[in-house]
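Examining the three-dimensional arrangement
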Amino acid sequence: QVQLVESGGGLVQPGGSLRLSCEASRSIGSFTTMHWYRQAPGKQRELVATLPLTTGGYTIYADSVKGRFTISRDNTKNTLYLQMNSLKPEDTAVYYCRAYYFGNAYWGQGTQVTVSS
């Protein structure tokens, strides 16, 4: 079993920055991949970024966030991050962390990000 806890969301003005965190209940080195998703009101959940945790994989970003968001990890803290810069109102959503562990997918509870002046 894996628990994922997101934090770091909040209200930010357009052009601002936030860093989201996703702390895992076990070593993230044991996961296959980790991801950030988001879901805006009335829209489907969409993949924002993927970080492979095995060799040979590539970091992937949604076109809408390329050049603005960066996914990273700290193995010592069992934590996945999403650095979000140059935020836009259309980035407003609940952001979720997802991890694959032995073929099973686990979700966090989400953290709200609101970009508004």
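This text follows the structure it describes.
First, a word on what this report is: a plain description of the structure on this page. (Residues numbered from 1 in each chain as written. Predicted model: local features only at pLDDT ≥ 70, side-chain atom pairs only at ≥ 80, totals over all residues. Heavy atoms only, no water.)

What follows concerns the pattern of salt bridges. In the structure shown here, the tally under the stated rule is four salt bridges. Of the charged contacts in the structure, one is a salt bridge between Arg 38 and Asp 91, with a shortest N-O distance of 2.9 Å. Of this pair, Arg 38 sits in strand E4 (residues 33–39) while Asp 91 sits in the loop between strand E8 (79–84) and strand E9 (93–101), and the two are 53 residues apart along the sequence. The exposure class assigned to Arg 38 is buried, which follows from its relative accessible area of 5%. Judged by its relative accessible area of 0%, Asp 91 falls in the buried class. Its salt-bridge partner being Asp 63, residue Lys 66 comes within 3.1 Å of it at the nearest N-O pair. The exposure classification of Lys 66 matches that of Asp 63, with both residues exposed. Connected through salt bridges with shared partners, the residues Arg 38, Glu 46, Arg 68 and Asp 91 form a single ionic network. (Salt bridge = Lys/Arg side-chain N within 4 Å of Asp/Glu carboxyl O. Helix = DSSP H or I, 4+ residues; strand = E, 2+ residues; numbered from the N terminus. Buried < 20%, exposed > 50% of the residue type's maximum accessible area, 1.4 Å probe, protein only.)

In this section: the state of the cysteines. One pass over the structure, following the stated rule, counts one disulfide. A disulfide bridge connects Cys 22 with Cys 97, and the sulfur atoms are separated by 2.1 Å. Classification of the bridge connecting Cys 22 and Cys 97 rests on its S-S torsion, roughly -70 degrees, and on that basis the disulfide is left-handed. Pair noted here: Cys 22 is in strand E3 (residues 18–24) and Cys 97 is in strand E9, with a separation of 75 residues, a long-range link. (Disulfide = S-S within 2.5 Å.)

This next bit is on the environment of Gly 29. Note on placement: Gly 29 falls in the loop between E3 and E4. We classify Gly 29 as partly exposed; its relative accessible area is 46%. Note: C-alpha distance between Gly 29 and Cys 97 (68 residues apart in sequence) is 15 Å.

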